[in-house]
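# Residue-level structure breakdown
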Amino acid sequence: MIPKLEVKDLCYSYHTMEGETQALSHISFKVHAGEFVAVVGPSGCGKSTLLSLICGLLKPDSGQILLDGKNVTGGDTRIGYMLQKDHLFQWRTIFSNACLGLEIQKKLDEPHKKKVEELLSAYGLQSFADAKPSELSGGMRQRAALIRTLALEPDLLLLDEPFSALDYQTRLAVCDDISTIIRGRKKTAILITHDLSEAVSVADRIIILTRRPGRIKGTMSISFPEEAGSPLKRRNCPEFSAYFNELWKILKN
């Protein structure tokens, strides 16, 4: 069975006038359809660089990145990317912000507009469709940003610390909200995070990177009872602290 994503022996270095800095070294892993994978590691280990390579914004020095068995190229529309900030345009309504990707890809027809309306309704933003981003809370803005990404119907979602700009209480609620949406839609997703608790609470599997140059130090499979279907419920399970301690131990050693 072909994995949804396969990264094969990936290497990448940044080049400046001062010389070369290797960011990632011989990274290999697979992500299966519907799997939610978190990537953790020390600051500067190449986590965000990895996402930029996966979506085709950067070209690897060596190695391969395959999505459904096909090479990923720059501007690959099969991949959706959700950034740390929502990047909603203040002069556009929430509805027109959610339609932006479709507009850029020249897909903003009536069926797709209807799809955006359905997403806004499903995720509690229908009554804010005509509002401006400044009228929404941080959590609601992140939901709008996710809807903008989901409207393009990507095969793979990349999440680059999308909750890091929020205060702690809002972060917990929005993480719970957005990960539940992603799982409900059976999307394949990769989350970059510095927050080990967040990684344990959302992921099916965690990939741990070393200090720069980033290499894979280890992986952890995460399994909770079926009734613990959301990140907040996972945090209340006895297994949670055991996974957290194991992850911390791997990172420290």
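Computed from a prediction, not measured in an experiment: that's the story for all the values here.

## With respect to the state of the cysteines
Counted under the stated rule, the structure contains 0 disulfides. Cysteine Cys175 remains unbridged, with the sulfur of Cys237 as its closest cysteine sulfur at 15 Å. Exposure remark for Cys175: the relative accessible area of 3% places this residue in the buried category.

## As for the environment of His87
With respect to the secondary-structure elements, His87 resides in the loop between β6 (79–82) and α2 (94–98). With relative accessibility at 46%, the residue His87 sits in the partly exposed group. In this structure, the C-alpha to C-alpha distance between His87 and His26, residues 61 residues apart in sequence, is 32 Å.

## Focus on the sheet that holds strand β4 (residues 62–67)
By way of backbone hydrogen bonds, the strands of a sheet pair with one another, either parallel or antiparallel. Strand order across the open sheet formed by 4 strands is β2-β1-β4-β5, with antiparallel pairing between neighbours. Among the strands making up the open sheet, the edge pair consists of β2 (19–31) and β5 (70–71). Bridge count between strand β1 (residues 5–16) and β2: 9 bridges; the pairing is antiparallel. Considered in β2, the bridge of Leu10 is made with Ile27.

## Quick notes on the environment of Gly184
As for its position among the elements, Gly184 is in helix α6 (residues 168–184). On a C-alpha basis, the gap between Gly184 and Gly34 in space is 10.0 Å, while along the polypeptide they are 150 residues apart.

## A few points about the pattern of salt bridges
Any two side chains of opposite charge can pair, so long as their charged atoms come close to each other. By the definition in use, this model includes 9 salt bridges. A salt bridge links Arg143 to Asp177; the nearest nitrogen and oxygen atoms lie 3.0 Å apart. Highlighted residues: Arg143 in helix α5 (residues 138–150) and Asp177 in helix α6, separated in sequence by 34 residues. In this structure, Arg171 and Asp195 form a salt bridge, with 4.0 Å as the shortest nitrogen-oxygen distance. Of this pair, Arg171 sits in helix α6 while Asp195 sits in the loop between β8 (188–192) and α7 (196–202); the two residues are 24 residues apart in sequence, bridging distant segments of the chain. For Arg171, a relative accessible area of 14% translates into the label buried.

Reading guide: rules and limits
- Residues numbered from 1 in each chain as written.
- Predicted model: local features only at pLDDT ≥ 70, side-chain atom pairs only at ≥ 80, totals over all residues.
- Heavy atoms only, no water.
- Disulfide = S-S within 2.5 Å.
- Buried < 20%, exposed > 50% of the residue type's maximum accessible area, 1.4 Å probe, protein only.
- Helix = DSSP H or I, 4+ residues; strand = E, 2+ residues; numbered from the N terminus.
- Pairing = 2+ DSSP bridges.
- Salt bridge = Lys/Arg side-chain N within 4 Å of Asp/Glu carboxyl O.

As far as function goes, none of this settles anything; it's purely spatial.
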